[in-house]
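One letter stands for each residue in the lines below.
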Amino acid sequence: IEHPDWIYGATIYEVNIRQYTPEGTFAAFEEHLPRLKELGVRILWLMPIHPIGEVERKGTLGSYYSVKDYKGVNPEFGTLSDFKRLVKKAHELGMKVILDWVANHSAHDNPLVDRHPEWYDHDSLGNLVSPYDWTDVVQFDFSNQDLREYMIDALKYWVKEADIDGYRCDVAALVPTDFWNSARVELDRVKPVFLLAEADEVELQEYAFNADYGWEFHHIMNAIAQGEKDASDIDSYFLRELATYPKNTIRMHFTSNHDENSWAGTEFDRMGKAAKTFAALTFVIPGMPLLYNGQEVG
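Residues numbered from 1 in each chain as written. Predicted model: local features only at pLDDT ≥ 70, side-chain atom pairs only at ≥ 80, totals over all residues. Heavy atoms only, no water.

Caption draft 1: Inspection of the sheet that holds strand E3 (residues 96-101) at higher detail. Sheet architecture is closed into a barrel: 8 strands sit in the order E1-E2-E3-E6-E7-E8-E9-E10, paired in parallel fashion. Mean inter-strand twist for the sheet, computed between neighbouring axes without regard to direction, equals 25 degrees. Summarising the sheet, strand E1 (residues 12-15) and strand E10 (residues 288-292) pair through 3 bridges and their orientation is parallel. Bridge pairing links Glu14 to Tyr292 in E10. (Pairing = 2+ DSSP bridges. Helix = DSSP H or I, 4+ residues; strand = E, 2+ residues; numbered from the N terminus. Axes fitted to C-alpha atoms, helices over the stretch in contact; angles between N-to-C directions.)

Printed below as a string of structure tokens:
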């Protein structure tokens, strides 16, 4: 992978549009861009902005990761024009914007379910398959070449239409690596992009992704804070990484993100008084540091 110049030294900031402001809109978040620029943020990662499925929806609001339309915008957040204005403003301030992309599965009521049932996995009885306990979504079958072409076209759409700068790819390891390798080539024909894999699989960083998640390092930090590991485990971690990953690998390091915050508690719940120490550590070790949705306030 050849990284765009703007990746080096960058900090990535995860944005949960729904929860960032009382309004929960692109326009309301846009007002925070100058502050985030001054803070030192260079890459804005927006959690999925697409319409959310209603069939088998979990909770009253539903999960962003249940995508009803890959080329649509969630009307709760605003319009396509509002989103494009947000991207333009970020670019004017020298920041980049990446979108969260859910390639492995879609909402039950995504029109693709009816139009192209052959694009989805089915069990022995012919029923659609939900991965894990994610009952609000159904899983694609990436052995279908037409599905792959559709998905790459949708990925290219946002780069062309809204001038975004890349993607954070949800559960990237559940999708075949050769799909991502092909998508990388096609996207770079539009413009150089930054691809972040929600995974820690070495092969994803060989030809497709610029960066991936430092999940293991995150768990080591939690364990040290809780007295279950010590600093020598950090040395061992970096030795393993040097031995297994490509030399120009970028690992994203974090003390929180939307998954951890939802399921494992805040960084203060997990790390106690060590939270700020480990936050500082993520900024000085090799890799890219992440801030999550207002985390800087703490």
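Read on, since the account is not over.
Caption draft 2: Summary view of the layout of surface pockets. Considering only enclosed or pocket space, the largest pocket measures out at about 890 Å³ in volume. What lines the largest pocket is a set of 31 residues, and nearest its centre among them are Ser63, Tyr65, His258, Asp259 and Trp263. For the lining of the largest pocket, the secondary structure elements donating two or more residues are helix H1 (17-20) and helix H11 (258-263). For the second largest pocket, the calculated volume is near 360 Å³. Considering the residues around the second largest pocket, the lining is formed by 18 residues, among which Lys247, Thr249, Ile250, Pro286 and Gly287 are closest to the centre. If you list the elements that add at least two residues to the lining of the second largest pocket, you get helix H10 (232-244) and strand E9 (250-253). The dominant element in the lining of the second largest pocket, judged by the number of residues it contributes, is H10, at 3 residues. (1 Å grid on protein atoms, 1.4 Å probe; cavity = no way out; pocket = protein on both sides within 12 Å on 5 of 7 lines; lining within 4 Å. Points joined across faces, edges and corners; volume = space filled by probe spheres on them.)

Caption draft 3: Fine view of the packing of aromatic side chains. Under the criterion given, the structure shown has 25 aromatic pairs. Each ring, one from Trp119 and one from Tyr150, has its centre 5.5 Å from the other, and the planes form 45 degrees; the classification is tilted. Pair noted here: Trp119 is in the loop between helix H5 (112-115) and strand E5 (137-139) and Tyr150 is in helix H6 (residues 145-162), with a separation of 31 residues, a long-range link. Taking the centre distance of 5.2 Å and the plane angle of 85 degrees together, the rings of Tyr157 and Trp158 count as edge-to-face. The class for Trp158 is buried, based on a relative accessible area of 0%. By way of ring pairs, the aromatic residues Tyr70, Trp101, Trp119, Tyr120, Phe140, Phe142, Tyr150, Tyr167, Phe179, Trp180 and Phe209 are connected into one cluster. (Phe/Tyr/Trp six-rings, centres within 6.5 Å; stacked < 30°, edge-to-face > 60°. Buried < 20%, exposed > 50% of the residue type's maximum accessible area, 1.4 Å probe, protein only.)

Caption draft 4: Expanded view of helix H7 (residues 177-190). The end-to-end C-alpha separation of H7 is 21 Å, in line with the 20 Å expected for 14 residues at 1.5 Å each. Turning to H7, its buried residues are Thr177, Phe179, Trp180, Ala183, Arg184 and Leu187. Around the axis of H7, the buried residues are gathered within 140 degrees of arc, so they sit on the same side. Where H7 is buried, its residues touch H6, strand E6 (166-169), strand E7 (194-197) and helix H8 (204-207). (Expected span 1.5 Å × (residues − 1). Arc of directions from axis to C-beta. Contact = heavy atoms within 4.5 Å.)

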